[in-house]
Amino acid sequence: MEKRNLTCIVCPMGCALEVTLEGGKVLSVTGNTCPRGEQYAREECTHPTRVLTTTVRVEGGERPVVPVKTAAPIPKERLFDAMEEARSLSVRAPVRIGEIIKEDLCGTGIPLKAAADIGKGRNI
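First, a word on scope: everything that follows refers to the structure included in this document.

Criteria and thresholds
Residues numbered from 1 in each chain as written. Predicted model: local features only at pLDDT ≥ 70, side-chain atom pairs only at ≥ 80, totals over all residues. Heavy atoms only, no water. Helix = DSSP H or I, 4+ residues; strand = E, 2+ residues; numbered from the N terminus. Contact = heavy atoms within 4.5 Å. Polar contact = N/O pair within 3.5 Å; in protein donor to acceptor, adjacent residues only side chain to side chain. Pairing = 2+ DSSP bridges. Axes fitted to C-alpha atoms, helices over the stretch in contact; angles between N-to-C directions. Expected span 1.5 Å × (residues − 1). Buried < 20%, exposed > 50% of the residue type's maximum accessible area, 1.4 Å probe, protein only. Arc of directions from axis to C-beta.

### Notes on the environment of Glu85
Position of Glu85 among the secondary structure elements: in helix H2 (residues 79–87). Glu85 sits 21 residues away from Cys106 along the chain, and the two C-alpha atoms are 6.7 Å apart. Apart from residues no more than four positions distant in its own chain, Glu85 is found in contact with Lys102, Asp104, Leu105 and Cys106. A distance of 3.1 Å separates a polar atom in the side chain of Glu85 from the backbone nitrogen of Cys106.

### Thoughts on the sheet that holds strand S2 (residues 16–22)
Strands sit in the order S1-S2-S3 across an open sheet of three strands; the sheet is antiparallel. Taken across any chain shown, the strands that pair with only one partner, and hence form the sheet edges, are strand S1 (2–7) and strand S3 (25–30). Averaged over all pairs of adjacent strands, the angle between their axes in this sheet comes to 25 degrees, without regard to strand direction. Looking at chain direction, S2 and S3 are connected through five bridges and run antiparallel. The partner of Leu21 across the bridge, within S3, is Val26.

### Re the sheet that holds strand S6 (residues 65–70)
To summarise the sheet geometry, strands pair through backbone hydrogen bonds and adopt either a parallel or an antiparallel arrangement. Spatial ordering of the open sheet is given by S8-S5-S6-S10-S9, a layout of five strands whose pairing is mixed. Among the strands making up the open sheet, the edge pair consists of strand S8 (90–92) and strand S9 (100–102). Each strand of the sheet is rotated relative to its neighbour by a mean of 45 degrees, with strand direction disregarded. Alignment of S6 against strand S10 (residues 112–114), held across three bridges, turns out to be antiparallel. Bridge assignment links Thr70 to a residue of S10, and that residue is Leu112. This element, H2, spans strand S5 (53–59), S9 and S10 of the sheet and lies at about 15 degrees to S5.

### As for helix H1 (residues 35–46)
In this model H1 runs 17 Å from its N-terminal to its C-terminal C-alpha over 12 residues, within 8% of the 16 Å that 1.5 Å per residue would give. For H1, every residue scored as buried is listed here: Gly37, Tyr40, Ala41, Glu44 and Cys45. Projected down its long axis, H1 carries its buried residues within an arc of 120 degrees, all on one side. Structurally, H1 contributes buried residues whose contacts are with S1, S2, S3 and strand S4 (49–50).

None of this, on its own, says anything about what the molecule does.
As structure tokens, this is what we get:
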């Protein structure tokens, strides 16, 4: 039997969770003050995911980069590969918030979207 201690990140309460696992399966979760904490602990111990936030280069824009984020969480083990792919991308200004920068980031099936508007540069 294995025990893991986590801090829940679902809400500002930051409950101290204790998860009991056996053979990779969650047997129990304690310390949560709401059902969302239990769900978070179960997912974090069996299939952790994260929303990726980063920037992508902008060509001809009023700013050199645009903030981007995945439209949904991606598997945690794919974060470094996804960052590497995002680093290789560039877009042409103008860029609009919500615009899809990459339809399927790193084979996850999750799009990478712009998180801000970037207009064209003045001298372009």
